[in-house]
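# Structure at a glance
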Amino acid sequence: MHFTNVAHKVMLPLAERLRPKSLDDYIGQKHLVGPNAVLRRMIESGNLSSFILWGPPGVGKTTLAKIIANKLERPFYTLSAVTAGVKDVRDVIEKAKQTRFFNEQNPILFIDEIHRFSKSQQDSLLGAVENGTLTLIGATTENPSFEVITPLLSRCQVYVLKSLEKTDLEELTQRALTVDSELKKRTITIRENESLLRYSGGDARKLLNILELVCNAQPEGEIVIDNEVVTERLQQNPMAYDKDGEMHYDIISAFIKSIRGSDPDAAIYWLARMVAGGEDPKFIARRLVISAAEDIGLANPNALLLANACFDTIQKIGWPEGRIPLAETTIYLASSPKSNSAYMAINDALALVEQTGNLPVPLHLRNAPTKLMKELNYGAEYKYAHDYAENFVNQQYLPDELANKKLWKAQGNASEVKMKEHLTHLWKK
C-alpha cells in the first residue's frame with residue numbers, strides 16, 4: 001500500500017488576505033490617519049505615545065496597530081485579554097526590557113479587548129508604560145472610561161474609531177474584486193450593493209465575510225451579486241458573517257429596541273440570549289441604565305434608580321444570580337411608560353449652543369464675590385425664589401438673545417403632564 005503526502009495550502013479568509021500593510025492602503029478613519037490627522041502625524045514623527053483605540057468590531061483597530069509597528073520598525077508583541085494572565089503580561093514586559101538593551105526604540109505591546117483585563121492585569125502594566133519600557137496600544141469595543149483603570153487611562157490617549165461609511169465600504173468592495181489574488185480570477189459583477197452594505201453594518205470584516213460567502217457559493221462561472229442573492233445566501237448560512245461574537249451588537253440592539261417598544265417578552269428573550277452566550281453582565285447593566293434615562297426618562301424617573309441599583313448589584317453578586325436583577329430591571333423598563341423628552345431637550349440645547357456660541361450670562365444671575373463685580377451690578381437684581389409665594393418668582397434665566405426659547409417639551413405621559421401643568425400654573429403661559 002502506498003501513501004502519498006499531499007501538502008494542502010490553507011487558504012486564509014478574504015478579510016485576512018486583504019488586511020492592509022500601510023496607511024495608504026488603510027480604508028476609513030480619515031479623522032485619525034488622513035493627511036495631517038493626529039495619528040498620522042504621530043506615526044510620521046516617530047514619537048509614539050501609548051493610546052487606546054475604541055470602536056466597534058471590524059473597523060481596523062488591530063490592523064492599525066500592526067501598520068504602526070511595521071512603519072516604525074519596532075518589536076511588536078500582542079496579547080489577547082481573553083486568554084492572557086498577569087504572568088503573560090510580566091513575560092512580555094521582561095522581553096521588552098531585553099529588547100531595549102539592543103534597540104533604542106521601545107517595543108509596542110498591543111492588547112486586544114483590553115476592557116476584559118482585570119484590575120490586577122492592568123495594574124501590572126502601569127510601571128512599564130510609565131517608564132517607557134514599552135508603548136501600549138489597546139483596542140476595545142467598550143467605553144474605556146468604564147473598563148480601564150484610571151491610572152492607566154491617564155497615561156493613554158483615547159482615539160475613537162467609527163463604523164465605516166458607505167463610500168469606505170464601496171472602496172473596500174472594489175479593492176477585494178481587483179486586488180485579491182483569488183477573486184480577481186473570477187468574473188464578478190455587483191448589480192446591487194444595498195444588502196451587502198446593510199448587512200455589513202459598517203464592519204469591514206463582516207462585509208468581506210459576506211462577499212466571500214456569496215462568491216464561494218458559486219464555484220464556477222460568472223457571479224452576479226444583487227440584493228436577492230446576498231439575502232438568500234445569508235438566510236442559508238446566518239452565522240457566516242457573524243464570526244467571533246460580533247452578533248453581540250445585533251442582539252443588544254434588539255434588546256434595547258424591545259425595551260423601547262414596550263415588549264417585555266421580547267426583551268427578556270434577548271436578555272436570555274445574552275446570558276446564555278456568556279455576555280459580560282456589566283455590559284448589559286450599563287445599557288439598562290442608558291435605556292432608563294434615554295427611553296423612559298421623566299415618564300418614570302424611578303426607572304433610572306432601579307437600573308442604577310441593578311448595575312451596583314451586578315458588581316456585588318456576579319453570575320449566576322446576577323441574571324435575576326437583570327431580568328427584574330428589563331421587565332420593569334419594558335413595561336414602564338416611555339418618554340425621550342430629556343434626551344431630545346439636551347440634544348436641542350447642544351445644537352442651540354453650537355449655533356449661538358458663548359452668549360453672556362444675564363447680570364442678575366452672575367455671582368458677585370468682589371467689590372468691583374458688585375459695583376458692576378453683578379447679581380444686583382436677582383430675586384431669590386424662596387422669598388416668594390410658592391417658591392417662585394417670574395424672572396429671566398436664559399441669555400437675552402434666547403429669552404423666550406423653549407427647549408424642554410413635555411410629552412403625553414401622566415408624569416410629564418403633571419409637570420407641565422405645574423409649570424404652566426407658575427409661569428401663567
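Up top you'll find the structure we're talking about.
Here we summarise the structure given alongside this text. (Residues numbered from 1 in each chain as written. Predicted model: local features only at pLDDT ≥ 70, side-chain atom pairs only at ≥ 80, totals over all residues. Heavy atoms only, no water.)

## Looking at the pairing of strand β4 (residues 135-140)
Formally: Only protein chains enter the accessibility calculation, which uses a 1.4 Å probe; a residue whose area is less than 20% of its type maximum is buried, one above 50% is exposed, and one in between is partly exposed. Helix and strand definitions follow DSSP, with helices as H or I runs of at least four residues and strands as E runs of at least two, each counted in order from the N terminus. DSSP bridges decide pairing: two strands pair if at least two such bridges lie between them. By the criterion used throughout, a crossover qualifies as right-handed when its path from the first strand across the helix to the second strand runs clockwise, the strands pointing away from the viewer.
For β4, a buried count of 6 out of 6 residues is recorded, marking the element as mostly surrounded by other parts of the structure. Judged by which residues are buried, β4 turns out to be covered on both faces: T135, I137 and A139 on one side and L136, G138 and T140 on the other are all buried. Pairing of strand β1 (residues 51-54) with β4 involves 4 bridges; the strand directions are parallel. Looking at the pairing, W54 lines up with T140 of β4. Relative to β4, strand β3 (residues 108-112) runs parallel, the two sharing 5 bridges. By the bridge assignment for β4, F110 is matched with I137. You can see the chain leave β3, run along helix α6 (residues 119-130) and come back into β4, and the turn it takes is right-handed.

## Regarding the environment of G297
As a reminder, the rule being used: In what follows, a contact means two residues having at least one pair of non-hydrogen atoms within 4.5 Å.
For G297, the location among the structural elements is in the loop between α15 (281-296) and α16 (302-317). By relative accessible area, which is 13% here, G297 ends up buried. Separated by 31 residues in sequence, G297 and A266 have C-alpha atoms that sit 21 Å apart. Other than its neighbours up to four places away in sequence, G297 contacts A292 and S339.

Just geometry here; none of it tells us what the structure is for.
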